[in-house]
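Each chain is listed here by its residues.
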Amino acid sequence: MPRNHRMRRIASPPRFSGFKPYGCHQHQEQAVVLLYEEYEAIKLADYKFMNHQEAAVLMGISRPTFARIYENARRKIALALVEAREITTETGNTYTEKKWFFCEACQTRFTIPARISQHNCPICHTDQIAPIAIHINTNK
Ligand SMILES: [Zn+2]
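Time to look at the nonpolar core. If you look at the biggest cluster of nonpolar residues, it comprises 17 residues, and the most contacted ones within it are Leu-34, Ala-41, Met-59, Ile-61, Phe-66 and Tyr-70. Those elements giving two or more residues to this core turn out to be strand 3 (32-35), helix 1 (36-47), helix 2 (52-59) and helix 3 (63-82). When near neighbours in sequence (up to four residues on either side) are disregarded, Ile-61 contacts Met-7, Arg-8, Ala-56, Phe-66 and Ile-69. Membership of the second largest hydrophobic core comes to five residues, among which are Phe-101, Phe-110, Cys-121 and Ile-129.

In structure tokens:
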């Protein structure tokens, strides 16, 4: 697979396409775009409690780069919370070790082991699945 120094490794894509605020009187139309690498940075640092050095190694990037991605992620999430904005996700500059798929029927994201040739959604068993083009740079 082609990669360059800007690519960030993630273990898995987020299990959602976005978040929506509810119960708010005023809500900002413009959504906050959270990149997969920003989601991964939050997950590693604030969910798995890794230090920046460990997290940077896992993502195949330098510690300063990790710190910058993490800072951006926190600012975006704060913006979304305070201004009641939707969050949408984009693949950014990421890749995974595994091939991921998206089920168009039930919206699940999943991987398929290489030895299995029949491709169906593991949740609803439809064959309406599409590969997630996670190796493609859609951000810049
Ligand atoms: Zn499904």
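Attention now goes to the coordination of the zinc ion. Each protein donor to the zinc ion is listed here as Cys-103 (SG), Cys-106 (SG), Cys-121 (SG) and Cys-124 (SG); together their distances run 2.3 Å. Taken together, the four donor atoms coordinating the zinc ion span angles of 105 to 113° at the metal, a pattern that classifies the geometry as tetrahedral. Between the donor residues of the zinc ion, the gaps in sequence give the motif C-x2-C-x14-C-x2-C. Of the two residues, Cys-106 is situated in the loop between strand 6 (100-103) and strand 7 (109-111) and Cys-121 in the loop between strand 7 and strand 8 (129-131); the sequence distance between them amounts to 15 residues. Classification of Cys-106 as partly exposed rests on a relative accessible area of 28%.

So, about the pairing of strand 4 (residues 87-90). Residues Ile-87 and Thr-89 line the buried face of strand 4, whereas the alternating positions Thr-88 and Glu-90 sit on a face that is not buried. Relative to strand 4, strand 2 (residues 18-19) is paired through two bridges, and the arrangement is antiparallel. What sits directly across from Phe-19, in strand 4, is Ile-87. By the bridge criterion, four bridges tie strand 3 to strand 4 in an arrangement that is parallel. Note that in strand 4 the partner of Leu-34 across the bridge is Thr-89.

Calculation notes
- Residues numbered from 1 in each chain as written.
- Predicted model: local features only at pLDDT ≥ 70, side-chain atom pairs only at ≥ 80, totals over all residues.
- Heavy atoms only, no water.
- Core = buried A, V, L, I, M, F, W, Y, C linked by side-chain atoms within 4.5 Å.
- Buried < 20%, exposed > 50% of the residue type's maximum accessible area, 1.4 Å probe, protein only.
- Helix = DSSP H or I, 4+ residues; strand = E, 2+ residues; numbered from the N terminus.
- Contact = heavy atoms within 4.5 Å.
- Donors = N, O, S within 2.8 Å, 3.2 Å for Na, K, Ca; no water.
- Tetrahedral: all angles 85-135°; square planar, octahedral: opposite > 155°, others 65-115°.
- Pairing = 2+ DSSP bridges.

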